[in-house]
Amino acid sequence: MFAAKPNLSFLSSSDPKSPKFQNSRSPNLAYPSSYRSRKPMSATLSVANSATPAQLRVDILSESLPFIQKFRGKTIVVKYGGAAMKSESLQALVVNDLVLLSCVGLRPVLVHGGGPEINLWLKRLNIEVNFHEGLRVTDDKTMEIVSMVLSGKVNKNLVSLINQAGVKAIGLCGTDGQVVTARPAANAAKLGFVGEVAWVDPTILWSIVNDGHIPVIASVAADEFGQQYNINADTMAGELAVALGAEKLILLTDVVGILEDRDDASTLVKEIDIRKVRKMIEEGKISGGMIPKVNCCISSLLQGVRTASIIDGRVPHSLLLEILTDEGSGTMING
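Residues numbered from 1 in each chain as written. Predicted model: local features only at pLDDT ≥ 70, side-chain atom pairs only at ≥ 80, totals over all residues. Heavy atoms only, no water.

## What about the packing of aromatic side chains?
Counting across every chain of the model gives one aromatic pair. Between the aromatic rings of F193 and Y229, the centroid separation amounts to 5.9 Å while the plane-to-plane angle is 70°, which identifies the pairing as edge-to-face. Of the two residues, F193 is situated in the loop between α7 (188–191) and β7 (194–200) and Y229 in strand β10 (residues 228–231); the sequence distance between them amounts to 36 residues. Classification of Y229 by relative accessible area gives buried; the value is 6%. One Lys or Arg, K70, reaches over the ring of F71 and ends 5.3 Å from the middle of that ring. The ring centre of W121 lies 4.6 Å from the NZ or CZ of R124, which sits over that ring. (Phe/Tyr/Trp six-rings, centres within 6.5 Å; stacked < 30°, edge-to-face > 60°. Helix = DSSP H or I, 4+ residues; strand = E, 2+ residues; numbered from the N terminus. Buried < 20%, exposed > 50% of the residue type's maximum accessible area, 1.4 Å probe, protein only. Lys NZ or Arg CZ within 6 Å of the ring centre and 35° of its normal.)

Following this line, the structure appears as structure tokens:
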């Protein structure tokens, strides 16, 4: 995984003056400062270019130590979906990153959607695909396909990939063990069986995580009467992060993060707090499909999650970049 590629040199970021660890709870870390800090890259690149492949790998691993110490034993909830799921190569990288994080002591929980796969099967079965205000209209037939695809095909494929990569994964959906109990969405009359999270019981998840396994959770859940609902995966991930007391919520998306200028990817906002991100929504700088993602992050932060990040799942190893480097990957929102 840590092949000697030039583009991995940005993982060299352990400057003792770096303000990375202001919020760290670990007594092993003596780096008091802000979470996100840039350091000049020229020296790092020079060293990387002169190092042997083996030395480069060792340097990268060594410089990841403070980050591993910071997050060791902490629960990280990752929502996975969108474009990153379309590419088998990117999917393999995400899975390997999760396994690596688990192997160095983090406690990852994976929540997934699967919109493109659902659309594929609906079209194969000649079932019309409809959306209302960005949410899938889910009638009886559509709900049956959603449940089959997410809880069956997509979920078990991810479980199999994680198992093959070296860590045992347990696949389930919100209905299993009543981990998530659903209720109809506010506009259920137009959306059909689209649900919201009524409450979470993480008991089964704790047993899975405490045994060193990775829970893989499909965004489907039933209400108290047994009716299945399609739940937005971002929302489910946020609520699970709260219930699990997660250190971090990460939304793997198909955008680079929050942009100061929506039409200019170079205006990526690396770090922002709740007050400022709400102001960006009011100013119209954040709109469309980004609003529910940002609101999901805000809700989880207000309920005790330490940080929430929106990162680009199309970037190889974006998950490791976000957790194991100063540079990060995408936008991190603080409480």
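After that view, the rundown keeps rolling.
## Focus: the sheet that holds strand β2 (residues 107–112)
Think of a sheet as strands paired side by side through backbone hydrogen bonds, with each pair either parallel or antiparallel. Spatially, the eight strands line up as an open sheet ordered β5-β8-β2-β1-β11-β13-β14-β12, and their pairing is mixed. The open sheet is flanked by β5 (169–173) and β12 (271–273), the only strands paired with a single partner. Strand-to-strand twist across the sheet, computed as the mean angle between neighbouring axes with direction ignored, equals 20°. In terms of strand pairing, strand β13 (residues 307–312) meets strand β14 (residues 331–334) through four bridges, oriented antiparallel. Counterpart to I310 in the pairing with β14 is T331. On the sheet, helix α8 (residues 203–210) packs against β1 (75–80), β2, β5 and β8 (214–218) and is oriented at approximately 145° with respect to β8. Packing against the sheet, helix α10 (residues 274–282) makes contact with β12 and β14, and its axis sits at approximately 90° to β12. (Pairing = 2+ DSSP bridges. Axes fitted to C-alpha atoms, helices over the stretch in contact; angles between N-to-C directions. Contact = heavy atoms within 4.5 Å.)

## What to know about the nonpolar core
By size, the foremost hydrophobic cluster in this structure holds 42 residues, and its most contacted members are I162 and I323. When residues in this core are grouped by element, the largest group, nine residues, is from helix α6 (residues 140–165). In contact with I162, other than residues within four places in its own chain, are V95, V99, L110, V167, A169, I214 and V216. By size, the runner-up hydrophobic cluster in this structure holds 40 residues, among which are A182, V197, I272 and M290. (Core = buried A, V, L, I, M, F, W, Y, C linked by side-chain atoms within 4.5 Å.)

## Overview of the pairing of β1
Of all six residues making up β1, six are buried, and the element is well covered by its neighbours. In β1, alternate side chains face the same way, and those of T75, V77 and K79 on one face and I76, V78 and Y80 on the other are all buried. Inspection of the sheet shows β1 paired to β2 by six bridges, in the parallel sense. Note on β2: the bridge partner recorded for Y80 is H112. Summarising the sheet, β1 and strand β11 (residues 248–253) pair through five bridges and their orientation is parallel.

## Quick word on the packing of helix α4 (residues 88–103) against α6
Viewed as axis vectors pointing N to C, α4 and α6 meet at an angle of 55°, and their least axial separation amounts to 9 Å. It follows that α4 is oblique to α6 by the angle criterion. In the crossing of α4 with α6, the sense of the turn from one axis to the other is right-handed. Contacts between α4 and α6 involve Q91, V95, N96 and V99 on the former and, on the latter, N157, L158, L161, I162 and A165. Its residues assigned to classes, the contact of α4 with α6 comprises six nonpolar, three polar and no charged. (Parallel < 35°, antiparallel > 145°, perpendicular 65-115°, else oblique. Left-handed = near helix turned anticlockwise from the far one by under 90°. Nonpolar A, V, L, I, M, F, W, Y, C, P; charged D, E, K, R; others polar.)

## Here we look at the pairing of β2
Taken across its six residues, β2 has six buried, putting it largely inside the fold. Side chains R107, V109 and V111 of β2 all project onto a buried face; the interleaved residues P108, L110 and H112 project onto the opposite face, where all are buried too. Here three bridges tie β2 to β8, and the two strands are oriented parallel to one another. Bridge assignment links V111 to a residue of β8, and that residue is I217.

## Overview of the environment of G195
By the element assignment, G195 lies in strand β7. Once the C-alpha coordinates of G195 and R183 are considered, the two residues, 12 residues apart in sequence, prove to be 5.4 Å apart. Discounting residues that sit within four places of it in the chain, G195 has contacts with R183, P184, A185, Y229, N230 and I231.

## Observations regarding unusual backbone geometry
Unusually for a residue other than glycine, Q178 sits at a positive phi of about 50°. Tracing the backbone through its elements, the reader meets Q178 in the loop between β5 and β6 (180–184). Assessed through its relative accessible area of 53%, Q178 is described here as exposed. Its identity is not glycine, yet H317 carries a phi of approximately 60°, on the positive side. Here H317 is to be found in the loop between β13 and α12 (318–324). The class of H317 is buried, set by a relative accessible area of 16%.

## Details of the pattern of salt bridges
Across all of its chains, the model carries 10 salt bridges by this definition. When the shortest N-O distance is used, the salt bridge between K74 and E247 registers 3.9 Å. Highlighted residues: K74 in the loop between α3 (65–71) and β1 and E247 in the loop between α9 (233–243) and β11, separated in sequence by 173 residues. The buried category is assigned to E247, whose relative accessible area is 4%. The closest approach of N and O atoms between E196 and R183, which form a salt bridge, is 3.3 Å. Pair noted here: E196 is in strand β7 and R183 is in strand β6, with a separation of 13 residues, a long-range link. (Salt bridge = Lys/Arg side-chain N within 4 Å of Asp/Glu carboxyl O.)

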